[in-house]
Amino acid sequence: WEWGGCRFQQIGDLGRIREGRNAERAALTMEAMSPLRISRVLLFASIVLAICGSVHGAKKTKGKGKVKRSSGGGGGPCGADADPDGMFEEGFARGKGGDFPGAAECFDSFVARRPDELRGWLVLSEVLARDKKHTKSLAAAQSAKKVDPASAEAHFLYGSALMALHEYLAAKQAFSSALSHDPKHVGSLTNLGSLLGNLNDHPGAISMYKRALHVDPSMWPAKHNLGTALHSLKRFEEAKIVLQEVAAAEPRCFECALSLANTLRESKEMDAAVEQYQVALVLNPASNEALLHYYTTAQELLLWDEIHDMWEVVREVTLEQLARGELTTVKPYYSLLNPFEPEAMLGIAQAHARETAAKMASVGASMSIVQPPLPLSGKPLRVGFIMADFRQHVTAHLLQTVFAHFDPARIEAHCFALNPDDRDSFRRRIVASVGSARFHEVAGQSDQDVASLINRGGVHVLVDMDYNKERLSILALRPAPVIVSFLAHPGTTGASFVDHVVFDQVVAPPELTPFLSEKLVYMKHHYQVNDHRASYPFSEPDVRAIRAREKLPGDATVMANFNGLYKIEPRVFRLWTQMLSALPSTVLWLVSAGGGSDDNIRAEAGNLSSRLVLAQPRDFADHIRRAAAADLFLDSFTYNAHTTAVDAIWGGVPVVTLPGEKVNSRLAAGVLAALGPGSETLVRTEEEYVALASRLLSQPRVRARVRAWLALGGRQGLETRPLFDTKGWVQDFQGCLLNLVELYAIRGGPASQERGGARGVG
């Protein structure tokens with residue numbers, strides 16, 4: 001790569017040379033901190049540009065623009081007696097071979113001999129960063145700033161080191177300083193965008209990336225990051241277009257292949273995503289991140305032969321990461337879908353929560369959080385409910401009229417919507433339920449801005465209902481005195497900054513307490529609320545008409561599971577096909593996932609595939625009505641049916657479940673418990689599971705007796721059970737929240753762990 005008479009190659013795997021239309025140029029690699037975005041882009045080429053003049057002016061060979069290589073002096077090429085220019089070149093040579101500690105040794109010797117030369121401090125800071133010695137990199141960049149306070153490169157490296165140390169606000173100032181000296185410094189524009197993305201200010205990040213691309217349209221790290229920022233905003237089609245361009249232009253870029261695969265997956269182009277993950281793994285076979293995403297995509301496609309072998313690798317890598325105290329590649333949500341032990345699931349959640357807390361520490365220190373006083377002197381408790389699923393989503397489906405049932409004299413409910421308005425009926429009903437003045441649109445806002453809004457609003461209790469827990473960073477800023485995890489995520493957050501988690505004694509019995517980081521709040525009945533009575537009034541179904549529409553045999557016995565296919569593990573599917581073989585008049589009714597997933601589940605069924613019926617996705621109301629056409633609902637094991645089990649029972653369909661040893665494998669048991677005592681469909685072993693299900697499927701009179709028990713007292717009897725008593729549930733939950741705040745006021749902090757009756761804290 002030639003510039004100003006100098007020829008350089010980038011160091012080792014910091015980049016590679018590829019042919020361009022007009023000249024050779026450097027292609028820069030990126031250090032990925034998450035599957036959805038590149039959080040830090042160190043542009044070594046820009047440093048080479050900055051130091052090239054001084055190297056060129058120092059010594060070069062005749063006519064070729066190459067730096068003269070010294071043989072060095074006593075003590076080796078980087079020893080005390082070596083020629084400084086030889087030290088510098090030796091540092092480049094070592095770095096080119098990937099020996100970053102050795103390169104740092106040479107550059108360290110160089111700056112000791114020539115402390116006033118900017119180039120030495122710049123490259124020293126860079127190689128220290130590559131060796132993940134970020135504190136030392138920061139010190140070297142600080143020295144570079146002292147040598148030349150106007151050096152954009154020095155401020156850029158200083159900001160990059162601060163960013164790696166999670167000092168985000170100071171890093172933001174450093175990048176701004178770099179841009180004040182050089183408004184077209186693409187490295188600072190790109191890294192500033194990455195910083196804003198890490199703080200969930202994706203619109204701000206996109207603006208920075210576009211500025212960088214305006215300066216240099218060939219700056220593919222900025223284009224890559226633009227694509228991942230669009231992905232984070234769920235603008236998947238736009239993200240796909242951008243990332244496809246980058247992957248085509250940089251076919252050997254691992255991060256580009258991985259990010260494109262992630263976006264294809266979210267766009268439900270699953271087969272294309274698998275191919276792209278395979279490309280990423282060819283480029284970087286040692287990548288745990290690519291392996292995990294390939295594994296989870298194979299889960300969704302039901303590629304069971306492949307995931308059988310990969311699971312052992314995923315588990316082993318995860319346990320090794322936990323043993324070393326590292327951030328796990330597996331995220332908390334994905335741990336729910338796999339047979340991790342409870343200890344490992346807690347460790348995974350804690351690792352990610354610690355990372356979040358460290359990332360937000362400097363931001364929190366800069367904020368003026370003033371907690372509202374407690375107790376409340378007769379005023380209503382102000383409770384905020386925050387999530388990114390106020391949309392056509394299962395969580396919103398459960399909550400449509402719930403907020404209207406709070407006693408306004410005791411609870412003032414507010415909703416904070418992290419997702420844009422999809423103009424769906426669920427969102428409209430929730431807005432009407434809570435009141436438009438108390439429904440806060442915060443989509444696209446940074447963590448700091450959302451936390452400030454919550455705190456300025458005087459929220460006393462913040463209830464996080466997010467499914468994937470992607471915005472724990474808001475909770476880490478402690479915008480409210482009491483923070484509670486509830487509803488969508490059936491597991492622990494692992495976060496010291498989340499005070500309580502709401503469950504019931506069936507899904508989270510006391511023996512699971514050691515595997516929850518939060519203090520337990522026990523509801524009197526099942527912890528999940530639903531809105532079926534108000535939103536889906538029951539009418540007697542025409543089962544024959546439903547079966548005809550759903551292509552179900554009119555005279556067959558229908559066993560069903562309405563979970564996503566990705567929740568179905570090979571073990572339970574084998575039991576289902578075993579029952580199909582033994583009961584010739586039975587069919588299995590599942591929900592289609594489309595494409596390769598459907599083909600693969602049929603292939604797994606083998607010669608029984610003709611008795612596998614895949615229901616097409618429908619809106620919630622239609623799905624709940626059609627559920628009544630099933631004769632029996634069979635639960636999955638690792639991740640239970642939850643809302644889908646409630647939907648089945650609402651249609652009068654019995655649910656057979658085998659509870660496990662983790663919250664996510666006890667959900668259906670909690671649902672059944674809320675129907676009242678005496679449930680006959682909760683079993684203890686796989687053998688009992690098969691025996692009971694087979695009996696119910698093969699003996700219509702036994703099945704009729706169980707269905708009659710569900711309808712004990714008629715339809716009104718079912719609807720007044722605790723499971724469907726929305727008003728009673730809200731009163732219980734309201735009492736829990738009030739008790740938490742009362743205990744907070746008495747003890748001067750979040751309530752300690754104890755159990756206390758119907759509205760107790762557990």
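Read on for a plain summary of the structure. (Residues numbered from 1 in each chain as written. Predicted model: local features only at pLDDT ≥ 70, side-chain atom pairs only at ≥ 80, totals over all residues. Heavy atoms only, no water.)

As for the layout of surface pockets
So, point 1. Of the voids in this model, the second largest pocket is the one considered here, and its volume is about 770 Å³.
So, point 2. Forming the walls of the second largest pocket are 30 residues, and the residues nearest its centre are Pro339, Glu569, Pro570, Arg571 and Thr638.
So, point 3. Among the elements that line the lining of the second largest pocket, the one with the most residues is helix α15 (residues 304-323), at 6 residues.
So, point 4. Residues of the lining of the second largest pocket, tallied by class, amount to 15 nonpolar, 6 polar and 9 charged. (1 Å grid on protein atoms, 1.4 Å probe; cavity = no way out; pocket = protein on both sides within 12 Å on 5 of 7 lines; lining within 4 Å. Points joined across faces, edges and corners; volume = space filled by probe spheres on them. Helix = DSSP H or I, 4+ residues; strand = E, 2+ residues; numbered from the N terminus. Nonpolar A, V, L, I, M, F, W, Y, C, P; charged D, E, K, R; others polar.)

With respect to the nonpolar core
So, point 1. Ranked by internal contacts, the top residues of the largest apolar core, which has 156 residues, are Trp576 and Tyr689.
So, point 2. Here this core takes 9 residues from helix α32 (residues 726-747), the largest share from any one element.
So, point 3. Apart from the residues lying within four places of it in its own chain, the contact partners of Trp576 are Met559, Asn561, Ile568, Leu588, Leu590, Leu634, Asp635 and Tyr689.
So, point 4. In this structure, Met87, Ala222, Val442 and Ile483 belong to the second largest nonpolar core, which totals 75 residues. (Core = buried A, V, L, I, M, F, W, Y, C linked by side-chain atoms within 4.5 Å. Buried < 20%, exposed > 50% of the residue type's maximum accessible area, 1.4 Å probe, protein only. Contact = heavy atoms within 4.5 Å.)

Observations regarding the packing of helix α2 (residues 84-96) against helix α3 (residues 100-113)
So, point 1. It is the contact of α2 with α3, at a shortest axis distance of 8 Å, that shows an interaxial angle of 160°. The orientation of α2 relative to α3 falls into the category roughly antiparallel. Pair α2 / α3 crosses with left-handed handedness. Contact with α2, carried on its side by Pro84, Met87, Phe88, Glu90, Gly91, Phe92, Arg94 and Gly95, involves Phe100, Gly102, Ala103, Glu105, Cys106, Phe107, Ser109, Phe110 and Arg113 of α3 and no other residues of that element.
So, point 2. Across the contact of α2 with α3, the residue classes break down as 9 nonpolar, 4 polar and 4 charged. (Axes fitted to C-alpha atoms, helices over the stretch in contact; angles between N-to-C directions. Parallel < 35°, antiparallel > 145°, perpendicular 65-115°, else oblique. Left-handed = near helix turned anticlockwise from the far one by under 90°.)

Some details on the pattern of salt bridges
It is possible for side chains bearing opposite charge to pair when their charged atoms get close.
So, point 1. Evaluation of the coordinates by the stated rule reveals 33 salt bridges.
So, point 2. The residue Asp131 makes a salt bridge to Lys133 at a minimum N-O spacing of 3.0 Å.
So, point 3. On the basis of relative accessible area, Lys133 is assigned to the partly exposed category, the value being 36%.
So, point 4. Notably, a salt bridge pairs Asp421 with Arg423, separated by 4.0 Å at the nearest N-O pair.
So, point 5. Members of the salt-bridge network, linked through shared partners, are Asp85, Arg114, Glu117 and Arg119. (Salt bridge = Lys/Arg side-chain N within 4 Å of Asp/Glu carboxyl O.)

Observations concerning the pairing of strand β12 (residues 500-503)
So, point 1. Every second residue of β12 is oriented toward a common face, with His500 and Val502 on one face and Val501 and Phe503 on the other, all of them buried.
So, point 2. Of the strand pairs in this sheet, strand β11 (residues 482-485) and β12 are connected by 2 bridges, and their pairing is parallel. Residue pairing across strands places Val484 opposite His500, the latter belonging to β12.
So, point 3. In the sheet, β12 pairs with strand β13 (residues 519-522) via 4 bridges, with the strands oriented parallel. Within β13, the residue paired with His500 across the bridge is Lys519. (Pairing = 2+ DSSP bridges.)

Overview of the state of the cysteines
So, point 1. Taken as a whole and judged by the stated rule, the model has 2 disulfides.
So, point 2. Disulfide partner of Cys78: Cys106, at an S-S distance of 1.8 Å. In this structure the cystine formed by Cys78 and Cys106 twists about its S-S bond by roughly 85°; its chirality is therefore right-handed. Taken as a pair, Cys78 in the loop between α1 (44-58) and α2 and Cys106 in helix α3 lie far apart in primary sequence, 28 residues in all. (Disulfide = S-S within 2.5 Å.)

Here we look at empty space enclosed by the protein
So, point 1. The final tally for this structure, using the stated rule, is 6 cavities of 30 Å³ or more.
So, point 2. Roughly 180 Å³ of internal volume is contained in the largest cavity.
So, point 3. Around the largest cavity, the lining comprises 17 residues; the ones closest to its centre are Met345, Gly491, Thr492, Phe515 and Leu516.
So, point 4. In terms of residue class, the lining of the largest cavity is made up of 10 nonpolar, 5 polar and 2 charged.
So, point 5. For the second largest cavity, the calculated volume is near 50 Å³.
So, point 6. Lining the second largest cavity are Asn288, Leu291, Leu292, Val313, Val314, Val317, Thr318, Gln321, Thr329 and Val330.
So, point 7. Where the lining of the second largest cavity is concerned, the elements lending two or more residues are α14 (288-300) and α15.
So, point 8. Per-element tally for the lining of the second largest cavity: the top contributor is α15, with 5 residues.
So, point 9. Looking at the lining of the second largest cavity residue by residue, the classes come out as 6 nonpolar, 4 polar and no charged.

Digging into α15
So, point 1. The end-to-end C-alpha distance of α15, which contains 20 residues, comes to 28 Å, matching closely the 28 Å that a straight helix rising 1.5 Å per residue would cover.
So, point 2. Helix geometry: α15 is bent most strongly at Met310, by close to 30°.
So, point 3. If you check which residues of α15 are buried, you get Trp304, Ile307, Met310, Trp311, Val314, Val317, Thr318 and Gln321.
So, point 4. Among the structural elements, α14, α17 (342-366), α24 (570-582) and α25 (595-605) are those in contact with the buried residues of α15.
So, point 5. At the exit of α15 stands Gly325, carrying a positive phi of roughly 75°. (Expected span 1.5 Å × (residues − 1). Bend = angle between axes of the 7 residues up to and from the residue.)

A short note on the environment of Gly735
So, point 1. On the secondary structure map, Gly735 appears in helix α32.
So, point 2. C-alpha of Gly735 to C-alpha of Ile411: the two residues are 324 residues apart in sequence and 9.9 Å apart in space.

Some details on the packing of aromatic side chains
So, point 1. According to the stated counting rule, one finds 25 aromatic pairs in the structure shown.
So, point 2. Where Trp650 meets Phe724, the ring centres are 4.8 Å apart and the plane angle is 55°; that geometry is what we call tilted. You can see Trp650 sitting in helix α27 (residues 643-650) and its partner Phe724 sitting in the loop between α31 (714-719) and α32, a full 74 residues away along the chain.
So, point 3. For Phe724, a relative accessible area of 0% gives the class buried. (Phe/Tyr/Trp six-rings, centres within 6.5 Å; stacked < 30°, edge-to-face > 60°.)

Here's the deal with the pairing of strand β7 (residues 381-387)
So, point 1. The buried fraction of β7 is high, at 6 of 7 residues.
So, point 2. Here 7 bridges tie β7 to strand β8 (residues 411-417), and the two strands are oriented parallel to one another. For Leu381, the partnering residue across the bridge sits in β8 and is Ile411.

Considering the sheet that holds β13
So, point 1. Spatially, β9-β8-β7-β10-β11-β12-β13 is the arrangement adopted by the 7 strands of the open sheet, whose pairing is parallel. Two strands lie at the open edges of the sheet, namely β9 (439-441) and β13, each paired on one side alone. Each adjacent strand pair in this sheet contributes to an overall mean axis angle of 25°, direction not counted.

Focus: a negative patch on the surface
So, point 1. On the surface, a cluster of negative charge is contributed by Asp305, Glu306, Asp309, Glu312, Glu316, Glu320 and Glu604.
So, point 2. Among the elements that line the negative patch, the one with the most residues is α15, at 6 residues.
So, point 3. Its place among the elements puts Asp309 in helix α15.
So, point 4. Look at Asp309 and you get exposed, because its relative accessible area is 55%. (Patch = residues over 30% accessible without salt bridge, like charges linked within 9 Å, V, L, I, M, F, W, Y side chains within 5 Å. Areas by Shrake-Rupley, 256 points an atom, 1.4 Å probe, with all protein chains shown as cover. Lys, Arg positive; Asp, Glu negative; His and termini not counted. Charge placed at Lys NZ, Arg CZ, Asp CG, Glu CD.)

Points about the packing of helix α6 (residues 152-164) against helix α8 (residues 186-198)
So, point 1. Contact pair α6 / α8: the axes reach a minimum separation of 10 Å and the direction vectors enclose 20°. As summarised for this structure, α6 and α8 are arranged roughly parallel, according to the angle between their axes. Taken as a pair, α6 and α8 cross one another with a handedness that is left-handed. Seen from α6, the contacting residues are Phe156, Ser160 and Met163; seen from α8, they are Gly187, Ser188, Asn191, Ser194, Leu195 and Asn198.
So, point 2. By residue class, the composition of the contact of α6 with α8 is 3 nonpolar, 6 polar and no charged.

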